[in-house]
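# Observations on chain architecture
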Amino acid sequence: FLVGLVFFKEMEKVIACVHKRPNALCRLICFPWAGGGTFQLAQWGKLFSDSIEVFCVRLPGRETRLTEPFAKDMTSLVDEVSSVLLKELKEKPFAFFGHSFGSYLSFAVALHLKEKYRLEPVHLFVSGAHAPNSEEFNALKNIPASDVNDEELLAYIQILGGTPSDLLHNKDIRNHLILTFREDFRVLQTFSFKKAEMDIPFSCDITCFNGSDDKACDLQAWEELTSGDTSYYELPGGHFYLLEPSNEIFLTKHITRCIENAGL
């Protein structure tokens, strides 16, 4: 009983599930962007049919985990998420969706699950992210984040969008957002993926989404990471195109179709 209680508490801490669907055929695990929480993606639960249950990963240092120290590196995040989700992922098919930083975390978790447990998502959905084996990703990783002051970081966050301006007017919220973004970016810089020749990590299909006004992503590099199909969709908007209700509807419908086509 105690083991079950501890596990339940860990689940509640790390995973937000707003619309519980215990009889769902598949789970969609969502991974938020740098500086982000679970609110937006956890709400996707109500947009999907009863066949899909949505989990959203909550990282340390925010929301109900505000008092916890931020993750030290990508490995510790991957270990935490994997160990909390493992029982659920063994239980029924699952798919991953990540946006921006969340795409890299979802990829790292998927890689760990495949290497250690032979578990693989039925579909990997990545959004607003370069492939981890691309030149662009290496360039992003090499930005000296420690040299960027708070004002510059805030300006960058504002350019990206995704944060209501009234929240940025609140000094405490603004400072915490800058800190969280900086810490998440530092974690991203600890992630290294070296694709060995002829070693394709996945067999599932990969779908890449991007905003039409955002930086273009290298689809070919994503293609090298799976023996499955790779597809690319550009939706109207910038880096946070996915927060537009019309794009949200497209994404949830498309993700549903892909999961249903996976022949669960």
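To be clear, the structure that these remarks concern was listed above.
The present account deals with the structure reproduced in this document. On a predicted model such as this, the values are computed, not experimentally measured, just so you know.

Quick look at the sheet that holds strand 5 (residues 123–127) now. Paired through their backbone hydrogen bonds, the strands of a sheet run either parallel or antiparallel. A sheet is described by the order of its strands in space; here seven strands give the open sequence 1-3-2-4-5-6-7, paired in mixed fashion. The open sheet has two free edges, formed respectively by strand 1 (15–16) and strand 7 (230–235), since each of these has just one partner strand. One ladder, built from four bridges, connects strand 4 (residues 94–99) with strand 5; its direction is parallel. Looking at strand 5, one finds that glycine 98 is bridged to valine 126. Across the sheet, helix 4 (residues 101–117) touches strand 2 (26–31), strand 4 and strand 5, and the angle it forms with strand 4 is around 150°.

Glancing now at helix 3 (residues 74–91). Spanning 18 residues, helix 3 covers 25 Å between terminal C-alpha atoms, matching the ideal 26 Å at 1.5 Å per step. By the largest-angle criterion, leucine 85 marks the main kink of helix 3, which is about 55°. Considered for burial, the residues of helix 3 that qualify are Met74, Leu77, Val78, Glu80, Val81, Ser82, Val84, Leu85, Leu86, Glu88 and Leu89. A distance of 3.3 Å separates the backbone nitrogen of threonine 75 from a side-chain oxygen at the start of helix 3, and that oxygen is part of aspartate 73.

Below, the discussion takes up helix 6 (residues 150–160). Taken together, the buried positions of helix 6 are Leu153, Leu154, Ile157 and Leu160. Looking straight down helix 6, one finds its buried side chains confined to an arc of 120°; they lie on one side. For helix 6, the exposed residues set more than 90 degrees away from the buried face come down to Glu151 and Ile159. For helix 6, the secondary structure elements touched by its buried residues are helix 7 (165–168) and helix 8 (171–188). Between a side-chain oxygen at the N-terminus of helix 6 and the backbone nitrogen of glutamate 151 the separation is 3.1 Å; the capping residue is asparagine 149. Just downstream of helix 6, glycine 161 is the residue with a positive phi angle, here 85°.

Thresholds, definitions, all that
Residues numbered from 1 in each chain as written. Predicted model: local features only at pLDDT ≥ 70, side-chain atom pairs only at ≥ 80, totals over all residues. Heavy atoms only, no water. Pairing = 2+ DSSP bridges. Helix = DSSP H or I, 4+ residues; strand = E, 2+ residues; numbered from the N terminus. Contact = heavy atoms within 4.5 Å. Axes fitted to C-alpha atoms, helices over the stretch in contact; angles between N-to-C directions. Expected span 1.5 Å × (residues − 1). Bend = angle between axes of the 7 residues up to and from the residue. Buried < 20%, exposed > 50% of the residue type's maximum accessible area, 1.4 Å probe, protein only. Polar contact = N/O pair within 3.5 Å; in protein donor to acceptor, adjacent residues only side chain to side chain. Arc of directions from axis to C-beta.

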